[in-house]
Amino acid sequence: MEHYIKGARHLMATQMNCNAIRNCEKLFTEFSKAYYWTNENIRAYLELIDFEGKTNALTVAASGDQAFNLITNGIINIDTFDTNALSEFIAFGFKRAMILKYSYNDFINVMILLRSDNLSQEHINSIISDLLPYMESRHQVFWRTVLNYNKQAQNYYCTNLNLIRMLTLDNKFIPQYNDYLLDELHYETLRKRLGNANITFKCVNAKDLGREFTSQYDLILLSNILDYMFNDWGRHWDYHKLAEYERELGIILKPDGVIFLNYIFTYVVGQNDPNMLFPLSSVTKENLTDEEIHKIPKLDNSNEVDGMILKRIQK
């Protein structure tokens, strides 16, 4: 636990030292800022599958929204992974506790309020302290220690920075991207199931999923992680590398399992339907064999459309 607390302290101290909220660390490292909300239309791509008979999933942790949407749809056994260890404490410590404590409207309002620069440190500390009884013990230890450090360090640096903003990324909140935020009924469905859900977390690089996890899953959700695989696979990686990765994931999939292989941000702009699928790779639509590409609504009043590459495994 001390390792995780030290990472959070460093992230906070770096920003206090320059008295500014900023992304001081490289993203997707073990202790970088975590996602607060999803920036993907998860609800739309989950509609591409039938949840009947599906019981478990492996998903990126990120903001926690992938897991929360799965639980809303009846999947209560979920293993999560992320290269960012802080994702666990934001998504399944803080945010899970928010859902368990607050009603639908209060959850949205308090989540928005907590990122306000006009909110005092005392108010933020009070809100998070009231969440502690709703957290699992390891998350309580983390947040109690972070709250104490925040108070002491801000006095030392003579700063008044928003704790939540120091630990999380700025991204646009679109409630309709989530099943559990569609309305009060969906939200209450999540709340009722969340207490009984079995959610695990492991700090793992996505390239190692087939070796790090041994369970058999109905679903695997990878967000847009393949956009960054050039860091491990090199620039201009080709379809053979993708097919090899799919085979590795296939080992931990049940018969008729589904991989949400890659979320494509801005897949279509106007009438422009691009051929290249992954940044710094050589994979084109013509290379695909049995993968599916689905257009996903962006819901931000732009002329852009996102996409999802889906892989259905037949055994």
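The structure under discussion appears in the preceding block.
Rules and cut-offs
Residues numbered from 1 in each chain as written. Predicted model: local features only at pLDDT ≥ 70, side-chain atom pairs only at ≥ 80, totals over all residues. Heavy atoms only, no water. Helix = DSSP H or I, 4+ residues; strand = E, 2+ residues; numbered from the N terminus. Rg over C-alpha atoms; globule rule 2.2 N^0.38 Å. Contact = heavy atoms within 4.5 Å. Areas by Shrake-Rupley, 256 points an atom, 1.4 Å probe, with all protein chains shown as cover. Expected span 1.5 Å × (residues − 1). Buried < 20%, exposed > 50% of the residue type's maximum accessible area, 1.4 Å probe, protein only. Phe/Tyr/Trp six-rings, centres within 6.5 Å; stacked < 30°, edge-to-face > 60°. Lys NZ or Arg CZ within 6 Å of the ring centre and 35° of its normal. Core = buried A, V, L, I, M, F, W, Y, C linked by side-chain atoms within 4.5 Å. Salt bridge = Lys/Arg side-chain N within 4 Å of Asp/Glu carboxyl O.

When you look at the overall build of the chain in this model, what are you seeing that I'm missing?
When you go through the chain residue by residue, the secondary structure sums to 12 helices and seven strands. A globule of 315 residues ought to have a C-alpha radius of gyration of about 20 Å, and the chain, at 20 Å, matches this closely. Of all intrachain contacts in the chain linking residues separated by at least 6 positions in sequence, the fraction that spans at least 24 positions is 74%. Carbon and sulfur atoms make up 47% of the accessible area of the chain, which totals about 13800 Å².

Help me understand helix H1 (residues 2-18) in this model?
Residues spaced three or four apart along an α-helix face the same direction, because each turn holds 3.6 residues. With 17 residues, H1 should reach 24 Å at 1.5 Å per residue; the first-to-last C-alpha distance of 25 Å fits that figure. Within the span of H1, buried status applies to Ile5, Gly7, Ala8, Leu11, Met12, Ala13, Gln15 and Met16. Close packing links the buried residues of H1 with helix H4 (86-101), helix H7 (137-157) and helix H8 (163-167). Immediately beyond the C-terminal end of H1, within one or two residues, lies asparagine 19, with a positive phi of roughly 50°.

Sorry, what's going on with the environment of tyrosine 187 here?
With respect to the element layout, tyrosine 187 can be found in helix H9 (residues 184-194). With sequence-adjacent residues up to four places away left out, tyrosine 187 is seen in contact with Met98, Ile99, Tyr102, Ser103, Tyr104, Phe107, Tyr180 and Leu181.

Please clarify how the packing of aromatic side chains should be interpreted in this entry.
For any pair of aromatic rings, geometry is given as the distance between the ring centres together with the angle between the planes. All told, the structure shown has 21 aromatic pairs when counted by the stated rule. Residues tyrosine 45 and tyrosine 263 carry aromatic rings whose centres are separated by 5.7 Å and whose planes lie at 55° to one another, so their mutual orientation is tilted. You can see tyrosine 45 sitting in helix H2 (residues 42-46) and its partner tyrosine 263 sitting in strand S5 (residues 253-269), a full 218 residues away along the chain. Its relative accessible area of 1% is what places tyrosine 45 among the buried residues. Overall, tyrosine 263 belongs to the buried group, its relative accessible area being 0%. Considering the side-chain rings of phenylalanine 142 and tryptophan 143, the 5.5 Å spacing of their centres and the 85° angle between planes classify their relative orientation as edge-to-face. Across the pair, exposure class does not vary: phenylalanine 142 and tryptophan 143 are buried alike. For the cation-ring pair, lysine 101 lies above tyrosine 102, with the distance from its terminal atom to the ring centre recorded as 5.3 Å. For arginine 115, the ring lying beneath its charged end belongs to tyrosine 36, and the centroid distance is 5.3 Å.

It is not clear to me how the environment of lysine 241 should be interpreted in this structure. Could you clarify?
Considering the arrangement of structural elements, one finds lysine 241 in helix H12 (residues 239-250). For lysine 241, a relative accessible area of 29% gives the class partly exposed. Taking C-alpha positions, lysine 241 is 9.5 Å from valine 283, a pair spaced 42 residues apart along the chain.

Explain the nonpolar core here, please?
One recurring pattern in soluble globular proteins: nonpolar side chains tend to sit buried together. Membership of the largest hydrophobic core comes to 75 residues, with the highest contact counts inside it found for Phe94, Phe107, Leu114, Trp143, Leu163 and Phe260. At nine residues, the largest contribution of residues to this core is made by H4. In terms of nonpolar packing, the next biggest core, distinct from the first, is built from 33 residues, Phe81, Trp237, Ile259 and Val268 among them.

In this structure, what is going on with the pattern of salt bridges? I would like to understand it.
It is possible for side chains bearing opposite charge to pair when their charged atoms get close. Within the structure shown, the criterion is met by 19 salt bridges. Across the pair arginine 138 and glutamate 88 runs a salt bridge, and its minimum N-O distance is 2.8 Å. In this pair, arginine 138 sits in helix H7 while glutamate 88 sits in helix H4, placing the two residues 50 residues apart along the sequence. We classify arginine 138 as partly exposed; its relative accessible area is 33%. Owing to a relative accessible area of 8%, glutamate 88 belongs among the buried residues under this scheme. Salt-bridge contacts for aspartate 117 lead to arginine 165; the nearest nitrogen and oxygen are separated by 2.8 Å. With aspartate 117 in the loop between helix H5 (104-113) and helix H6 (121-131) and arginine 165 in helix H8, this pair connects stretches of sequence that are 48 residues apart. In this structure arginine 165 comes out as buried when scored by relative accessible area, which is 13%. In the salt-bridge network here, residues are joined through shared partners; they are Arg115, Asp117, Arg165 and Asp170.

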